[in-house]
Amino acid sequence: MKVDDCIFCKLANGEIPTATLYEDEDFRVILDANPASKGHALIIPKEHYANLYELDDELAGKAMILAKKMVTKLTEVLGCDGYNLVQNNGECAGQTVFHFHLHMIPRYKDDGVGLGWKLNTLTDEDREDILSKV
Ligand code: 5GP
Ligand code: ZN
């Protein structure tokens, strides 16, 4: 399914031209318009799924296999020192485009890219609460 007013449906399906690193029948991999670092790219399925909760299982598997291939190739090409894969679901988690996508962010030594979070300590209460429910 495609959604008419979805920018990523249009980009993934070539309705709007964009810098494309790779394309197959399921995905387009494009350069992010606002890169966190040089080479920041997005894996976007051609079909519309709002987020990971909705994503088709088979495509979820394919997306991770594709990420592995892209990261391996791009590490060689860009000469970066590492990679972050980031995938946001929901506004509170930083999602701004509501069509599933996987960020691939090259990391360079001392690049100052801020993806960090404050490390808390797992409490006994939280541990027991979660383990009792899952
Ligand atoms: P999110 O915040 O939803 O995880 O990520 C959305 C990403 O899409 C952002 O990094 C943003 O820069 C990128 N983006 C939004 N619109 C466009 C666009 O029209 N073209 C490209 N190449 N990237 C876009
Ligand atoms: Zn879409």
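Up top is the structure these notes are about.
Rules of the game
- Residues numbered from 1 in each chain as written.
- Chains lettered and ligands numbered in written order.
- Predicted model: local features only at pLDDT ≥ 70, side-chain atom pairs only at ≥ 80, totals over all residues.
- Heavy atoms only, no water.
- Near = heavy atom within 4 Å.
- Polar contact = N/O pair within 3.5 Å; in protein donor to acceptor, adjacent residues only side chain to side chain.
- Areas by Shrake-Rupley, 256 points an atom, 1.4 Å probe, with all protein chains shown as cover.
- Helix = DSSP H or I, 4+ residues; strand = E, 2+ residues; numbered from the N terminus.
- Nonpolar A, V, L, I, M, F, W, Y, C, P; charged D, E, K, R; others polar.
- Pairing = 2+ DSSP bridges.
- Axes fitted to C-alpha atoms, helices over the stretch in contact; angles between N-to-C directions.
- Contact = heavy atoms within 4.5 Å.

Asks: Pulling in residues and values, what's your account of the site of ligand 1?
Replies: Around ligand 1, a shell composed of 17 residues is seen, among which Asp32, Asn34, Asn88, Thr96 and His103 lie nearest. Taking glycine 94, its main chain carries an N or O atom lying 2.9 Å from an oxygen atom of ligand 1. Histidine 103 places a side-chain nitrogen or oxygen 2.8 Å from an oxygen atom of ligand 1. Within the complex, the protein chains bury 80% of what would otherwise be the 520 Å² of accessible surface of ligand 1. Those elements that provide at least two residues to the shell around ligand 1 are α1 (7–12) and β2 (27–31). No other element matches α1, which puts three residues into the shell around ligand 1. Class assignment for the residues of the shell around ligand 1 results in eight nonpolar, eight polar and one charged.

Asks: Provide a residue-level description of the sheet that holds strand β4 (residues 82–86), including the pertinent values.
Replies: Within the open sheet, the five strands sit side by side as β1-β2-β3-β5-β4. Their pairing is antiparallel. With one partner strand each, in any of the chains shown, β1 (20–23) and β4 form the two edges of the open sheet. Averaged over all adjacent pairs, the angle separating strand axes in this sheet is 20 degrees, with direction ignored. By the bridge criterion, three bridges tie strand β3 (residues 41–45) to strand β5 (residues 102–107) in an arrangement that is antiparallel. Note that in β5 the partner of leucine 42 across the bridge is histidine 103. Helix-sheet contacts for helix α2 (residues 57–78) involve β1, β2, β3, β4 and β5, and the interaxial angle to β4 is about 155 degrees.

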